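# A closer look at the structure
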Amino acid sequence: MEIEKLIGKLDVGQKIILKLQDKIIVGELSFKKIPSHVRVKDCTDYETNEKLGSNNVYYMNEIRDIRVMGSKETRDDEQCQQKIEEIEVKQTKDALQTKLSEERYKNIRATLDSRIFIERYDVKYFDACRDLMKQRQIGVCLEDVRYGRRSKASVLAVATNEKVYVFDLLMLDGIKKELKGVFESSSICKVIHYSKMTQDYLKNRCNIKVRLIFDTMMAYFYISGNREALTVAELISKLFNLPYIEPSKNLSWNLRPIKEEIISQAAFSVGFLIEIQQYLMHKHLLKNFYRDSMAAMQFSCNDNDFPYTVKLVKGKEVIKNLRDPSIEDEAPVDLREIKKNEEKNDTDTSK
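The structure presented is a predicted model; accordingly, all values stated were derived computationally and were not measured. (Residues numbered from 1 in each chain as written. Predicted model: local features only at pLDDT ≥ 70, side-chain atom pairs only at ≥ 80, totals over all residues. Heavy atoms only, no water.)

## A word on the overall build of the protein chain
Within the protein chain, the regular secondary structure consists of 13 helices and 13 strands. When the 351 residues of the protein chain are sorted by exposure, 40% land in the buried category. Pairs at least 24 apart in sequence give 58% of the contacts found in the protein chain among residues at least 6 apart. With the model as given, the accessible surface of the protein chain reaches about 20900 Å², and the carbon-plus-sulfur share is 49%. (Helix = DSSP H or I, 4+ residues; strand = E, 2+ residues; numbered from the N terminus. Buried < 20%, exposed > 50% of the residue type's maximum accessible area, 1.4 Å probe, protein only. Contact = heavy atoms within 4.5 Å. Areas by Shrake-Rupley, 256 points an atom, 1.4 Å probe, with all protein chains shown as cover.)

So, in structure tokens, the structure goes:
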């Protein structure tokens, strides 16, 4: 079996993702016996992050897929890289795909688990708005606005690098001036997946003009050349090689009291957005700029660009010309002025 061959190439101690028939498990491989079973320690449910036990056994016939989680350790060794690539299961050759480090994955899961739910104008609300105004980028998801201005938004989820806030807009009676200021700020980048309907709703129903938007779907279209519309969950799976979590389709967003499942799904919709934006922007959209900048600097820099140096002579800093150390008059005007000021200070001190 293919699964047995893949498990045979795994090493004890690797962080793995097991896809079973009814759930997805994340844990550390502690023992393997082919063709019988594997033992995994520190198991958690991939979707809920629930602890499932410290030492669990999973048999080969119940394992549907298996993947190795990305590691933050360096992979400069070619043999190590080749070995890792061999055990990746049915991975697409898509150039956009990368690996999310285990540490970063844990941090994102931690922010999702500790999400802050806000349903009234109290200390939590105003603290959240102040925190958002300090950010340089935030992930935003407005539920449910699939019909734009003809919708009625009930939940707003906003993510920073450290926290996830879920606002109950029905209980808060809409978006007030504190959150409006966040959306209209030109210094905060709003990372939104398919922002068209969100912008239409905010503009026509809330009189809010959203500034500085990074649309992750448009970025994906631009980079890949693919016009296939993807949900946030599909994009996360495609970019970071993580198991796909299908969102619930029959949620009643307007039903109150609000269910925990709705809060969880809203938080998940924004939890990875900043990570997606940073990856697409720095690894793809700005890739050529970074390459050309590095090439230009390496090409233009030589010893002739830096003919002067400052040396310590008899306890004093003296500007020297590297081309001819005996000539100090050829130093740039600003450097000559520095030298004169230092000499003047020394004279004043001696007096």
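Let's pick the thread back up.
## A closer look at the packing of helix α4 (residues 123–133) against helix α6 (residues 177–184)
Packed helices, taken two at a time, are described by the angle their axes make and the gap between the axes. Look at α4 against α6: their axes get within 10 Å of each other, and the N-to-C directions meet at 15°. Classed by the angle they form, the pair α4 and α6 counts as roughly parallel. The handedness of the crossing between α4 and α6 comes out as left-handed. Where α4 approaches α6, its residues Y125, F126, C129, L132 and M133 are matched on the opposing element by E178, L179, G181 and V182. Along the lines of polarity and charge, the residues of the contact of α4 with α6 split into 7 nonpolar, 1 polar and 1 charged. (Axes fitted to C-alpha atoms, helices over the stretch in contact; angles between N-to-C directions. Parallel < 35°, antiparallel > 145°, perpendicular 65-115°, else oblique. Left-handed = near helix turned anticlockwise from the far one by under 90°. Nonpolar A, V, L, I, M, F, W, Y, C, P; charged D, E, K, R; others polar.)

## Points about the packing of aromatic side chains
Tallying each qualifying case throughout the model produces 9 aromatic pairs. Measuring from ring centre to ring centre gives 5.9 Å for F289 and Y290, while their planes differ by 50°; the resulting arrangement is tilted. Given the relative accessible area of 52%, F289 is considered exposed. (Phe/Tyr/Trp six-rings, centres within 6.5 Å; stacked < 30°, edge-to-face > 60°.)

## Focus: helix α9 (residues 232–240)
Counted residue by residue, α9 has 7 buried out of 9 residues, so it is predominantly covered. The complete set of buried residues in α9 reads V232, A233, L235, I236, S237, L239 and F240. Buried residues along α9 sit in contact with α8 (216–224), α10 (260–271) and α11 (273–285). Looking one or two places after α9, you find N241, whose phi comes out positive at around 55°.

## Some details on the sheet that holds strand β3 (residues 37–45)
The 5 strands are arranged β4-β3-β2-β1-β5 in an open sheet whose pairing can be described as antiparallel. Of all strands in the sheet, those bounded by a partner on one side alone are β4 (51–59) and β5 (63–68). Strand-to-strand twist across the sheet, computed as the mean angle between neighbouring axes with direction ignored, equals 35°. As judged from the 5 bridges shared by strand β1 (residues 15–20) and strand β2 (residues 24–33), these two strands associate in the antiparallel manner. When the bridges of β2 are listed, L18 appears paired with I25. (Pairing = 2+ DSSP bridges.)

## Points about the pairing of strand β10 (residues 189–192)
Alternating residues of β10 divide into C189 and V191 and K190 and I192, and every residue in both groups is buried. Bridge analysis of strand β7 (residues 137–143) against β10 gives 4 bridges, and the strand direction is parallel. Residue I138 lies in a different strand from β10, and its bridge partner there is K190. Relative to strand β11 (residues 213–215), β10 runs parallel, the two sharing 3 bridges. By the bridge assignment, K190 is partnered in β11 with I213.

## Topic: the sheet that holds strand β9 (residues 164–168)
With respect to topology, 6 strands assemble into an open sheet ordered β6-β9-β8-β7-β10-β11, the strand pairing being mixed. Because the sheet does not close on itself, it has two edges, and the strands there are β6 (116–118) and β11. Between one strand axis and the next, the sheet turns by 25° as a mean value, whatever way the strands run. Packing against the sheet, α8 makes contact with β10 and β11, and its axis sits at approximately 55° to β11.

## Some thoughts on the environment of K23
Within the secondary structure, K23 is located in the loop between β1 and β2. When the C-alpha positions of K23 and D45 are compared, they lie 7.3 Å apart, and in sequence the two are 22 residues distant. Once residues lying within four places of it in the same chain are set aside, the contact partners of K23 are L18, D45 and L52.

## A few points about the packing of α9 against α11
Two elements in contact, α9 and α11, have axes separated by 11 Å at closest approach and are oriented at 50°. Here α9 lies oblique to α11, going by the angle between them. Once α9 is placed against α11, the crossing between them reads as left-handed. Of the residues in α11, those touching α9 at L235, I236, L239 and F240 are E275, I276, Y279 and L280. Partitioning the contact of α9 with α11 into residue classes produces 7 nonpolar, no polar and 1 charged.

## A few points about the confidence of the model for the protein chain
Should the pLDDT be low somewhere, the predicted coordinates at that spot are not to be read in detail. For the protein chain, the average pLDDT comes to 80, and 77% of its residues sit at 70 or higher. pLDDT under 50 marks residues 71–93. Its contacts with residues more than four places away, or in other chains, come to 24 contacts. The model gives residues 329–333 a pLDDT under 50, and that stretch makes 7 contacts with residues more than four places away or in other chains. (pLDDT = per-residue confidence, 0-100.)

## Comments concerning the pattern of salt bridges
Across all of its chains, the model carries 13 salt bridges by this definition. Here R115 makes a salt bridge to E260, at a shortest N to O gap of 2.4 Å. In this pair, R115 sits in the loop between α3 (102–113) and β6 while E260 sits in helix α10, placing the two residues 145 residues apart along the sequence. A salt bridge links R146 to D144; the shortest N-O distance between them is 2.7 Å. (Salt bridge = Lys/Arg side-chain N within 4 Å of Asp/Glu carboxyl O.)

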